[in-house]
Amino acid sequence: MQENNKLDNYDVIIIGGGPAGVSAALYIVRGGRNVLLVHNGVSALHKAELIQNYYGTGEISGAALYDVGIEQARRVGACVVNAQVTFVEFDHGVFTVKTETGDYAARRLIIATGSPRKKADIEGIAELDGKGISYCAVCDAFFYRKKRVGVIGAGAFAEHEYYALKNVVGDAFLLTDGDSPSFEVDKDRVYTAKIARITERDGRVGGVEFEDGTSIPLDGVFIALGSMGSASMAKTLGILTDKSGDIKTDGYGRTNIGGLYAAGDCTVGIKQIGKAVVDGMNVAFGVIADIKEDK
Ligand SMILES: Cc1cc2nc3c(=O)[nH]c(=O)nc-3n(C[C@H](O)[C@H](O)[C@H](O)COP(=O)(O)OP(=O)(O)OC[C@H]3O[C@@H](n4cnc5c(N)ncnc54)[C@H](O)[C@@H]3O)c2cc1C
């Protein structure tokens, strides 16, 4: 843990500043608890040009609605941090949320990170899922000792996954699929060409072919595109999901892990603002009730 860990300053950490995360923050703060809300400013709302079907807003762009929500959370007293979460750990009842700018810890965590990350649209990923394709370096690095793996991605999440693998596996490479890496990595360990497909060998991942005709033999491929989403968090923490990767909760956002909650698009059900807001309210009631019971 880094020195700027702020354990117990916050009753709850919420990852996500969309309708679910903000709604949860409003109810929990107004229920007398300290909330840290971490968001990276990239929500499904930013893809919504015009919202017409949510109560009271008239016609509003998704981006504008997002900004109003973040400001509202701040005004009621939530501590709002704009940072990308790169990893989440759970140890002895404490959740540590690692971001690019520092770590935060609390005994209760709400995941409100939106719809699970779509699988990268690269030939071979779907076919080889579970046969050398992984979404969690910390979970699976051990299986690749003395083996060669590639991490697909170029941002902070890919950096976390690359370094988590580097000291455990035989050899780790970064495959940026046409992007420039956002972090320092040895030149002979980076492939920046666009990926054509992931190839198969004996029914498992065998390597990667690039659009420029070159290729690299690999035993495993870790997908770390974009930011750490609910799918990776679920795998890392052992949260139960349905077949499509949506987190299963009870009516109050509780997952199968004590102290860990989820709300909004990352959970089972309709992916709409109204449902996310209701989820946020329900998870807040769940958290407040659980805190009371513990005391
Ligand atoms: C094109 C489009 C149009 C839509 N139109 C409508 C509509 O008209 N009406 C309607 O009701 N719904 C609409 N929706 C759906 C609506 O946008 C979602 O249901 C809603 O935004 C879900 O809220 P949420 O809080 O669960 O997740 P999101 O709004 O997606 O918010 C996710 C939050 O998690 C944060 N986050 C995720 N990962 C990380 C990380 N690693 N580190 C830090 N922060 C992170 C993000 O910064 C963001 O704050 C639309 C969706 C799309 C894609």
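What counts, and at which threshold
- Counting restarts for each chain: residues are numbered from 1 in the order of the written sequence.
- For this predicted model, a pLDDT threshold of at least 70 governs which residues receive local features, and a threshold of 80 or more governs which side-chain atom pairs are given and counted, while totals over whole chains, interfaces and linings are taken from all residues.
- Side-chain descriptors were evaluated using all non-hydrogen atoms of the structure, hydrogens and water having been removed beforehand.
- The cutoff for a nearby residue is simple: one of its non-hydrogen atoms must lie within 4 Å of the molecule or strand.
- For this analysis, a polar contact is any N or O atom pair within 3.5 Å, provided that within protein one partner can donate a hydrogen and the other can accept it, and provided that sequence-adjacent residues contribute only side-chain to side-chain pairs.
- For the accessible areas, the method is Shrake-Rupley and the probe is 1.4 Å, while residue cover comes only from the protein chains on display.
- Exposure categories follow from relative accessible area, calculated using a 1.4 Å probe and restricted to protein chains: below 20% of the type maximum is buried, above 50% is exposed, and the middle band is partly exposed.
- Helix numbering and strand numbering both begin at the N terminus, where a helix is a DSSP run of H or I of at least 4 residues and a strand a DSSP run of E of at least 2.
- At least two bridges found by DSSP between two strands is the condition for calling them paired.
- A clockwise course of the path from the first strand over the helix to the second, judged with the strands pointing away from the viewer, identifies a crossover as right-handed.
- Whether two aromatic rings pair depends on their centres lying within 6.5 Å, for rings of Phe, Tyr and Trp, where Trp uses its six-membered ring; planes under 30 degrees apart make the pair stacked, over 60 edge-to-face, and the rest tilted.
- Charges are assigned to positions over rings by a cutoff of 6 Å between ring centre and Lys NZ or Arg CZ, combined with an angular limit of 35 degrees from the ring normal.
- The axes used here are C-alpha line fits, helices contributing only the stretch in contact, and every angle between their N-to-C directions lies in the interval 0 to 180 degrees.
- Throughout this description, the term nonpolar core refers to a set of buried Ala, Val, Leu, Ile, Met, Phe, Trp, Tyr and Cys residues connected via side-chain atoms within 4.5 Å.
- Either an automatic procedure or a domain database provided the assignment from which the domain bounds are taken.
- A contact between two residues is defined here by any heavy atoms of the two lying within 4.5 Å.

**Notes on the site of the ligand**
Contacts to the ligand come from 31 residues, most closely from Gly 17, Asn 40, Ser 43, Tyr 66 and Asp 265. Between an oxygen atom of the ligand and a side-chain N or O atom of Ser 43, the distance comes to 2.7 Å. Ala 112 places a polar main-chain atom, nitrogen or oxygen, 3.4 Å from an oxygen atom of the ligand. In isolation the ligand offers 990 Å² of accessible surface; the protein chains occlude 86% of this area.

**Some points on the pairing of strand 2 (residues 35–39)**
Most of strand 2 is tucked away: five of the five residues are buried. Side-chain alternation along strand 2 places Val 35, Leu 37 and His 39 on one buried face and Leu 36 and Val 38 on a second face that is also buried. Bridging between strand 1 (residues 12–15) and strand 2 involves four bridges; their strand directions are parallel. Bridged to Val 12 within strand 2 is Val 35. One crossover worth recording links strand 1 to the parallel strand 2 by way of helix 1 (residues 19–30), and it is right-handed. Two strands pair when backbone bridges link them, and strand 2 and strand 3 (residues 79–82) are joined in this way by four bridges, in the parallel orientation. Within the sheet, the bridge partner assigned to Leu 36 lies in strand 3 and is Cys 79. On the question of chirality, the crossover connecting strand 2 to the parallel strand 3 by way of helix 2 (residues 62–76) is right-handed.

**Quick look at the packing of aromatic side chains**
Considering all chains together, one arrives at eight aromatic pairs under this definition. Taking 6.5 Å as the distance between ring centres and 45° as the angle between the ring planes, the aromatic pair formed by Tyr 162 and Phe 183 counts as tilted. Of this pair, Tyr 162 sits in helix 4 (residues 156–166) while Phe 183 sits in the loop between strand 10 (171–175) and strand 11 (190–191), placing them 21 residues apart in sequence. Look at Tyr 191 and Phe 210: their rings are 5.4 Å apart centre to centre, the planes differ by 0°, and that puts the pair in the stacked class. Taken together, the positions of Tyr 191 in strand 11 and Phe 210 in strand 13 (residues 204–210) put the pair 19 residues apart, joining distant regions of the chain. Above the plane of the ring of Phe 142 lies Arg 145, whose end atom (NZ or CZ) is 3.6 Å from the centre.

**Observations regarding the sheet that holds strand 2**
On the basis of which strands lie adjacent, the open sheet formed by five strands has the order 3-2-1-7-16 and parallel pairing. With partners counted over all chains shown, the strands left at the sheet margins are strand 3 and strand 16 (260–262), one partner each. Across the sheet, the mean angle from the axis of one strand to that of its neighbour is 20°, orientation sign disregarded. The pairing of strand 7 (residues 109–111) with strand 16 spans three bridges and is classified as parallel. Bridge assignment links Ile 111 to a residue of strand 16, and that residue is Ala 262.

**A closer look at the nonpolar core**
Leu 109, Ile 111 and Leu 165 are the most contacted members of the largest nonpolar core, which totals 43 residues. Of the domains in this structure, domain 1 (12–117 + 228–294) and domain 2 (133–223) are the two that each give at least three residues to this core. In contact with Leu 165, other than residues within four places in its own chain, are Ala 137, Ala 141, Val 149, Val 151, Ala 172 and Phe 222. Counting 30 residues, the second-largest nonpolar core is a separate cluster that includes Val 22, Ile 28, Ala 284 and Ile 291.

**Description of the sheet that holds strand 6 (residues 102–106)**
Two strands in a sheet stick together by hydrogen bonds in their backbones, pointing the same way (parallel) or opposite ways (antiparallel). Ordered by their spatial adjacency, three strands build an open sheet running 4-5-6, and the pairing between neighbours is antiparallel. In this open sheet, the two edge strands, each paired with only one partner strand, are strand 4 (85–91) and strand 6. Strand-to-strand, the axes of this sheet are offset by a mean angle of 20°, without reference to chain direction. For strand 4 and strand 5 (residues 94–99), the ladder comprises six bridges, and the chain directions are antiparallel.

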